[in-house]
Amino acid sequence: KKKKKKKKFDGISQLLNQVVTATSIPYVTYIPDPATFLHGVDARVKQIVAFACLLIAARGTIEVRFAMCLGIALTSIACL
């Protein structure tokens, strides 16, 4: 009997399966009160901003990531 060779793409398909499974988890929660200007912003704009934040976090240095976290935290506090 020959052992079945593990293909190079098996690991990639497993990783993609995990990504697809992870994205089925909601990453947003609607909070009705207090109403802020973000409630009036189109959902597509918010998704573009979220994607840009993920892209910057993936490509940025540790300083950029820290500054982004600080900026998001301060913006969140200011909105609430």
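If you're wondering where the values come from, they're calculated on a predicted model, not measured in any experiment. (Residues numbered from 1 in each chain as written. Predicted model: local features only at pLDDT ≥ 70, side-chain atom pairs only at ≥ 80, totals over all residues. Heavy atoms only, no water.)

## Details of the overall build of the protein
Helix and strand counts for the protein stand at three helices and zero strands. When the helices and strands of the protein are read in sequence order from the N terminus, they spell out α-α-α. Taken over 80 residues, the protein has a buried fraction of 5%. Carbon and sulfur atoms make up 69% of the accessible area of the protein, which totals about 7800 Å². (Helix = DSSP H or I, 4+ residues; strand = E, 2+ residues; numbered from the N terminus. Buried < 20%, exposed > 50% of the residue type's maximum accessible area, 1.4 Å probe, protein only. Areas by Shrake-Rupley, 256 points an atom, 1.4 Å probe, with all protein chains shown as cover.)

## Considering the pattern of salt bridges
Here the idea is simple: oppositely charged side chains can pair when their charged atoms come close. Scanning the entire structure with this criterion turns up one salt bridge. Between R44 and D42 there is a salt bridge, with its nearest N and O atoms 2.9 Å apart. In this structure R44 comes out as exposed when scored by relative accessible area, which is 59%. The exposure class of D42 is partly exposed, given its relative accessible area of 35%. (Salt bridge = Lys/Arg side-chain N within 4 Å of Asp/Glu carboxyl O.)

## Some remarks on the packing of helix α2 (residues 43–59) against helix α3 (residues 62–79)
It is at 8 Å that the axes of α2 and α3 come closest, and there the two elements cross at 150°. The angle between α2 and α3 places the two elements in the roughly antiparallel class. Where α2 abuts α3, its residues C53, I56, A57 and A58 lie against V64, R65, M68 and I72. Of the residues that constitute the contact of α2 with α3, the class distribution is seven nonpolar, no polar and one charged. (Axes fitted to C-alpha atoms, helices over the stretch in contact; angles between N-to-C directions. Parallel < 35°, antiparallel > 145°, perpendicular 65-115°, else oblique. Contact = heavy atoms within 4.5 Å. Nonpolar A, V, L, I, M, F, W, Y, C, P; charged D, E, K, R; others polar.)

## Digging into the state of the cysteines
This model, assessed by the stated rule, comprises zero disulfides. Of all cysteine sulfurs, the one in C69 lies closest to C53, which takes part in no disulfide; the gap is 9.5 Å. (Disulfide = S-S within 2.5 Å.)

## Notes on the confidence of the model for the protein
This prediction gives the protein a mean pLDDT of 77; 71% of its residues lie at or above 70. Mean pLDDT across the secondary structure elements of the protein bottoms out at helix α1 (residues 8–22), with 67, and peaks at α3, with 88. (pLDDT = per-residue confidence, 0-100.)

## Some points on a nonpolar patch on the surface
On the surface, F66, L70, L74 and I77 cluster together to form a nonpolar patch covering roughly 460 Å² of accessible area. Within the secondary structure, F66 sits in helix α3. Look at F66 and you get exposed, because its relative accessible area is 59%. (Patch = residues over 30% accessible without salt bridge, like charges linked within 9 Å, V, L, I, M, F, W, Y side chains within 5 Å.)

## So, the environment of P34
Within the element layout of this structure, P34 appears in the loop between α1 and α2. Ignoring anything within four residues of it in the chain, the contact list for P34 reads H39 and L80.

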